[in-house]
Amino acid sequence: PPSPPACALLVYFHMAKAGGTAMREAFMRQRASFPHAPWNADVPEAEAWEDGGALRMRPPDLLEAFVTDAAFRRAHPRVFVECHTSCRFEATLAAVRAARAPLERAGCLVRTMAHLRDPVQIAVSGWFYWAAKWKALGHASLEDHLRRLAPDHYWSEYFFGPQEARGLVARARAQGLDYCAHYVRRSGAVLGALDMVVPTERWEEGWLWAARELALPRLEPRMRKGVLSCRRKLAAQPPRPLRGPCRLVSACNSTVVEAAVLARARRTRMRCSAEAYDAWRDRAARAVDAWEAALPPQERALTLERACH
């Protein structure tokens, strides 16, 4: 494969339970396997990166250093920034847009990307992970979990932050606006400014887009769950049902997910984010289709083969 670019910045907008941990760990494997092309990352969870080459910086600080400090760029020429917990998509995207022109003038490649998932599916996955598997929330059931969440919690938490999300509601009401229509436009402005938005069910194709854009020397054959993060969390605080080796099976097999509960959540607690997802799902899929269709035939065959295994 060609060599990675001399200078590159990939900002990955990691929505909860949408394939972002697999993306992070894929980049960890890039660095471990190819030390001549070290991709460094900002990861909010301190335990997520234990090797000495990691950058432990907040995304805004990392972006500022990467843009303004040529010595920093020489030391860390290729950077993978993960915008996840405590990182608001809107604010970080504004910083990236401001940084893009000066970085490109300096010869740096800049790319932005996110995986997109149905907010109700995210909420179910969040319940399985946080409430049932890790016993972290104290919610009695999936229905209880959905009822306790703030409206559109899983999307709003990442796109805007809880405080700004509450402000959106207040401003929409004060201006006599349809809040959900306002929500769809506001979240759509973020998604529309990214270089690639990939449905989570097509994770592998999203990874291949990043690999081709950045000329990564190693391809991931398939999406892998967060094995490394799981092992570290078990080592730090093993929950009773999962003591022993890390297992990639859910601890909530006895939980019954009722279609009526999910349908009610879509109509009520997740209504606006569900509308935003519906507005973007097909658009994101078409963007991936268009990218694949534009590939040379031999690369298109590789992409489809990798995505299907």
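Preceding block: the structure.
Summary of the structure given here.

The rules we used
Residues numbered from 1 in each chain as written. Predicted model: local features only at pLDDT ≥ 70, side-chain atom pairs only at ≥ 80, totals over all residues. Heavy atoms only, no water. Phe/Tyr/Trp six-rings, centres within 6.5 Å; stacked < 30°, edge-to-face > 60°. Helix = DSSP H or I, 4+ residues; strand = E, 2+ residues; numbered from the N terminus. Salt bridge = Lys/Arg side-chain N within 4 Å of Asp/Glu carboxyl O. Expected span 1.5 Å × (residues − 1). Buried < 20%, exposed > 50% of the residue type's maximum accessible area, 1.4 Å probe, protein only. Polar contact = N/O pair within 3.5 Å; in protein donor to acceptor, adjacent residues only side chain to side chain. Pairing = 2+ DSSP bridges. Contact = heavy atoms within 4.5 Å. Disulfide = S-S within 2.5 Å.

### A closer look at the packing of aromatic side chains
Logical step 1: Applying the stated criterion to the full structure yields nine aromatic pairs.
Logical step 2: Centroid distance tryptophan 155 to phenylalanine 159: 5.1 Å. Interplanar angle 25 degrees. Geometry classified as stacked. On the criterion of helical spacing, the pair formed by tryptophan 155 and phenylalanine 159 is a turn pair, its members being four residues apart in helix H7 (residues 153–159).
Logical step 3: Taken together, the aromatic side chains of Phe13, Phe89, Trp155, Tyr158, Phe159, Phe160, Tyr179 and Tyr183 make up a single cluster linked through ring pairs.

### Concerning the pattern of salt bridges
Pairing is possible between side chains that carry opposite charge, provided their charged atoms lie close to one another.
Logical step 1: Within this structure, the stated rule accounts for 16 salt bridges.
Logical step 2: Within the structure, one salt-bridge network assembled from shared partners comprises Arg202, Glu205, Asp289 and Glu292.

### Thoughts on helix H9 (residues 179–192)
Logical step 1: The end-to-end C-alpha distance of H9 is 19 Å, a good match for the 20 Å that 14 residues give at a rise of 1.5 Å each.
Logical step 2: Within H9 the residues assigned to the buried category are Tyr179, Cys180, His182, Tyr183, Val184, Ser187, Gly188, Val190 and Leu191.
Logical step 3: The opening residue of H9 is aspartate 178, an N-cap whose side-chain oxygen sits 3.0 Å from the backbone nitrogen of cysteine 180.

### Section: the pairing of strand S1 (residues 8–13)
Logical step 1: Among the six residues that make up S1, six are buried, leaving the element largely enclosed by the rest of the structure.
Logical step 2: Burial along S1 is two-sided: Ala8, Leu10 and Tyr12 and Leu9, Val11 and Phe13, pointing in opposite directions, are all buried.
Logical step 3: One ladder, built from six bridges, connects S1 with strand S3 (residues 78–83); its direction is parallel. Residue pairing in the sheet places valine 11 in a bridge with valine 81 of S3.
Logical step 4: Where S1 lies against strand S4 (residues 109–116), six bridges are found, and the strand directions are parallel. In the sheet register, leucine 10 faces S4, and the bridge partner there is arginine 111.

### Focus: the environment of tyrosine 183
Logical step 1: Within the secondary structure layout, tyrosine 183 lies in helix H9.
Logical step 2: What makes tyrosine 183 buried here is its relative accessible area of 0%.
Logical step 3: A C-alpha to C-alpha distance of 8.8 Å links tyrosine 183 and valine 169, two positions 14 residues apart in sequence.
Logical step 4: Contact partners of tyrosine 183, with chain neighbours within four places excluded, come to Asp152, Trp155, Ser156, Phe160, Cys272, Ser273 and Ala276.
Logical step 5: Here serine 156 takes part through its side chain, which lies 2.9 Å from a polar atom of the side chain of tyrosine 183.

### Brief notes about the state of the cysteines
Logical step 1: All chains considered together, the criterion is met by two disulfides.
Logical step 2: Across a sulfur-sulfur distance of 1.8 Å, cysteine 7 and cysteine 108 are joined as a disulfide pair. On the S-S bond that ties cysteine 7 to cysteine 108, the torsion sits near 80 degrees, and the link is right-handed. In this pair, cysteine 7 sits in the segment before S1 while cysteine 108 sits in the loop between helix H4 (89–105) and S4, placing the two residues 101 residues apart along the sequence.
Logical step 3: Among the residues examined, cysteine 108 registers a relative accessible area of 5% and is labelled buried.
Logical step 4: The disulfide partner of cysteine 180 is cysteine 272, and the S-S distance across this bridge is 2.0 Å. An S-S torsion of about -75 degrees defines the bridge between cysteine 180 and cysteine 272 as left-handed.

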